[in-house]
Amino acid sequence: MAFSRDLDLNGVRIIQGALDAEAQINLLEDIRGILRAAPLFQPMTPTGRPLSVRMSAAGEYGWVSDRKGYRYEPRHPSGNPWPPIPPSLFLLWEKYSNSDRKPECCLVNWYAPEAKMGLHQDNDEADLTKPVLSISLGDEARFRVGGQSRSDPTRSVWLKSGDIAVLQGASRLAFHGIDKLRPNSSRLMPNGGRVNLTLRVVT
Ligand code: MD6
Ligand code: FE
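Everything numeric in this text was worked out from a predicted model, so none of it was measured.

Looking at helix H2 (residues 87–96)
Along H2, the positions that sit buried rather than exposed are Leu89, Leu92, Trp93 and Tyr96. The buried residues of H2 occupy one face: seen down the axis, they fall within an arc of 100 degrees. Away from its buried face by more than 90 degrees, H2 exposes Pro87, Leu91, Glu94 and Lys95. Two residues or fewer past H2, Asn98 is found with a positive phi of approximately 50 degrees.

A closer look at the layout of surface pockets
Of the voids in this model, the largest pocket is the one considered here, and its volume is about 680 Å³. Looking at the largest pocket, it is lined by 33 residues, and the ones nearest its centre are Trp63, Met117, Gly118, His120 and Asp122. The set of elements that each furnish at least two residues to the lining of the largest pocket consists of strand E6 (105–111), strand E7 (117–120), strand E8 (132–138), strand E11 (164–167), strand E12 (176–182) and strand E13 (194–200). Broken down by class, the residue content of the lining of the largest pocket amounts to 15 nonpolar, 12 polar and 6 charged. Forming the walls of the second largest pocket are Leu28, Ile31, Arg32, Leu35, Leu40, Val108, Trp110, Met189, Pro190, Asn191, Gly192 and Val195. Taken together, the elements giving at least two residues each to the lining of the second largest pocket come down to helix H1 (21–37) and E6. Top element by residues in the lining of the second largest pocket is H1. It accounts for 4 residues.

About the thresholds
- Per chain, residues are indexed from 1 in the order of the written sequence.
- To label them, take the chains in the order written and letter them from A, then take the ligands in the order written and number them from 1.
- Local features in this predicted model are restricted to residues of pLDDT 70 or higher, and side-chain atom pairs are both shown and tallied only at a pLDDT of 80 or more, whereas totals for entire chains, interfaces and linings draw on every residue.
- Calculation of side-chain values draws on the structure's entire complement of heavy atoms; hydrogens and water are dropped beforehand.
- For every residue, the accessible area (1.4 Å probe, protein chains only) is compared with the maximum for its type, and the residue is labelled buried under 20%, exposed over 50%, or partly exposed between those bounds.
- We count a stretch as a helix when DSSP gives it H or I for four or more residues in a row; a strand needs E for two or more, and each element gets its number in order from the N terminus.
- The reported arc concerns the directions from the helix axis to the C-beta atoms and nothing else.
- Points on a 1 Å grid, built from protein atoms alone, make a cavity when a 1.4 Å probe fits but cannot get out and make a pocket when they are open with protein on both sides within 12 Å along at least 5 of 7 lines; residues with an atom within 4 Å of a point are the lining residues.
- Grid points are joined across faces, edges and corners, and a volume is the space filled by probe spheres set on the points.
- In this count, Pro and Cys sit with the nonpolar residues alongside Ala, Val, Leu, Ile, Met, Phe, Trp and Tyr, while Asp, Glu, Lys and Arg are called charged and the others, Gly among them, polar.

All we've got here are geometric facts, nothing functional implied.
Printed below as a string of structure tokens:
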């Protein structure tokens, strides 16, 4: 907390060092709790290709992708409701989101060392004036941000464990993605990899 630093990447606010080592360890325990109730699954594009990240969620809604398309669902593919969003994450939302509404989804993205995420916009939510807050844990990842058109120029930054990014205002609809991970760059998780959490207002 003491040595955080703010950065602007094409309108995305990046708070480097938002979570200290202890907060990261505690948050990882919270995530393990979520994944016990709602195990990671492998999303598919509507054309049937697997995404390289594995996903789960907490909250009233989780984001899923399969042959039927991309959407929010009130249940895990198992049929069970998603577990609740842990209190620690509501606190981070209050601190960094400047939003009068609470998040209804905490999407959990798990990256194996070779996983990445192509440039995309997050626009499946009903109210695009509400921010999306993203928290990174584990191995460093190169995060790329452009503008509201796919062809707009992009800039990138390496997100480290404990960094937070906030897509808000004009950057809420910015194209963004993860180019690649830097393997073995964090000792938070024994076998490496990366977890990204995104908190969203869905309805
Ligand atoms: C990631 N992040 O950091 C991918 N989406 O693994 C996202 O796709 C993202 O960082 C919406 C808002 C913030 C994000
Ligand atoms: Fe996204």
